[in-house]
Amino acid sequence: MLIIKDIYNLNTYLKAFKDEGYSIGYVPTMGALHEGHGSLIEKSHNDNQKTIISIFINEKQFNDTQDFEAYPRNKGDDYNFCEKHNVDIIFEPSAEEIYPKEYKSIHNSHFQNILCDEYRPGHFNGVVTVLSRLFTIIESDKVYFGEKDFQQLKIVEKLIKENFPNLKLVPVSTVRSNEGIALSSRNRKLSKKQMTDFVSFQKEVVQFIANLDKKTNLIEANKKAEEFIKSYEKFDYFEFRNESNLSLEGNLGDARLFYAIYKSGVRLIDNLKL
Ligand code: AMP
């Protein structure tokens, strides 16, 4: 396994792979790796001869400096994790490498003013900016994204369609703990007690969804969702949206429940299908 920090060296190895005719799968991450990332890596191994993962905590997508500073970092563990998952290359660039002085930020114009875009202004501009740069550098055949970050997945789908026609996007289902919690780097910020509370919350949410009829329209369903969440300590959103266009149209059969809640200052997101 190679750990590469600069674009010049990366290009040398990528060129060698391409000259051999190897197909390349790419998994972008912000590190603090867990089996959710592992599932993207394994999917890439199934589809490609070589798998590259990037680890880059992209400050541009944090609308809150404190959140950026507190984001979990654990290099040594990440290297072991990648070794265990037979990753071929870890690309771990510096911010200077990714953003040369003349590099211009990109504006996201899709799925705006809803869900995470409403509550994290500028977040998706940062996401499409770093991904455009990484996709251009790596030029992989396929790229892997988790459904855990569903709005991100939809935005990346648009980005690729408009700007990277040769790149194939592969969505991967959310990996959960035995208790039903979506694995996330941020989970490690929770104490044991906070995690126990979060598990209880998640079980109640699953039960709430299970009691609804798939034919219920989203307007009605969202009144129930509002009622369910109103006493919760702190949340940004908790609502059903159509999974194909993230609108409030249609019924629960075509929808997912999207939530962003806070557990003692830690922001946790998930989406669940009926
Ligand atoms: P992150 O490091 O949080 O930016 O995530 C990198 C990639 O891993 C994104 O495409 C995420 O959607 C995906 N991912 C994160 N958690 C999970 C999970 N529990 N299951 C599947 N994919 C995930």
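So, here is what we can say about the structure in this document.

Criteria and thresholds
- Residues numbered from 1 in each chain as written.
- Predicted model: local features only at pLDDT ≥ 70, side-chain atom pairs only at ≥ 80, totals over all residues.
- Heavy atoms only, no water.
- Helix = DSSP H or I, 4+ residues; strand = E, 2+ residues; numbered from the N terminus.
- Rg over C-alpha atoms; globule rule 2.2 N^0.38 Å.
- Buried < 20%, exposed > 50% of the residue type's maximum accessible area, 1.4 Å probe, protein only.
- Contact = heavy atoms within 4.5 Å.
- Areas by Shrake-Rupley, 256 points an atom, 1.4 Å probe, with all protein chains shown as cover.
- Lys, Arg positive; Asp, Glu negative; His and termini not counted.
- Charge placed at Lys NZ, Arg CZ, Asp CG, Glu CD.
- Salt bridge = Lys/Arg side-chain N within 4 Å of Asp/Glu carboxyl O.
- Pairing = 2+ DSSP bridges.
- Axes fitted to C-alpha atoms, helices over the stretch in contact; angles between N-to-C directions.
- Right-handed = clockwise from strand over helix to strand, strands pointing away.

Regarding the overall build of the protein
Then comes step 1: A tally of regular secondary structure across the protein gives 10 helices and 9 strands.
Then comes step 2: Over its C-alpha atoms the protein spans a radius of gyration of 19 Å, differing by no more than 12% from the 19 Å that the globule rule assigns to 274 residues.
Then comes step 3: Across the 274 residues of the protein, 54% fall into the buried class.
Then comes step 4: By sequence separation, contacts in the protein at least 24 residues apart represent 73% of the contacts at least 6 residues apart.
Then comes step 5: With the model as given, the accessible surface of the protein reaches about 13,600 Å², and the carbon-plus-sulfur share is 47%.
Then comes step 6: Here the protein holds 37 positive side-chain charges and 40 negative ones, and the gap between their average locations is 2 Å.

Considering the pattern of salt bridges
Then comes step 1: On inspection of all chains with the given rule, the structure shows 18 salt bridges.
Then comes step 2: Between glutamate 92 and lysine 5 there is a salt bridge, with its nearest N and O atoms 2.8 Å apart. In this pair, glutamate 92 is assigned in the loop between strand E4 (89-91) and helix H5 (95-98) and lysine 5 in the loop between strand E1 (2-4) and helix H1 (7-19), connecting sequence segments 87 residues apart.
Then comes step 3: Arginine 256 is the partner of glutamate 147 in a salt bridge, and the nearest nitrogen-oxygen pair spans 3.4 Å.

Focus: the environment of serine 109
Then comes step 1: Note on placement: serine 109 falls in the loop between H5 and helix H6 (115-119).
Then comes step 2: Sequence separation between serine 109 and phenylalanine 124 is 15 residues; the distance between their C-alpha atoms is 9.1 Å.

Digging into the sheet that holds strand E8 (residues 255-263)
Then comes step 1: Spatial ordering of the open sheet is given by E7-E8-E9, a layout of 3 strands whose pairing is antiparallel. If you trace the sheet from one side to the other, it starts and ends with strand E7 (235-242) and strand E9 (266-273), each paired once. Neighbour-to-neighbour, the strand axes of the sheet open up by a mean angle of 10°, direction not taken into account.
Then comes step 2: With 8 bridges connecting them, E8 and E9 associate as antiparallel partners. What sits directly across from alanine 260, in E9, is isoleucine 269.

A word on the pairing of strand E2 (residues 24-29)
Then comes step 1: For E2, the tally of buried residues reaches 6 of 6 residues, placing the bulk of the element in the interior.
Then comes step 2: In E2, alternate side chains face the same way, and those of Ile24, Tyr26 and Pro28 on one face and Gly25, Val27 and Thr29 on the other are all buried.
Then comes step 3: Pairing of E2 with strand E3 (residues 50-55), which is carried by 6 bridges, proceeds in the parallel orientation. Residue valine 27 lies in a different strand from E3, and its bridge partner there is isoleucine 53.
Then comes step 4: Tracing the backbone out of E2, into helix H2 (residues 35-47) and back to the parallel element E3 gives a crossover that is right-handed.

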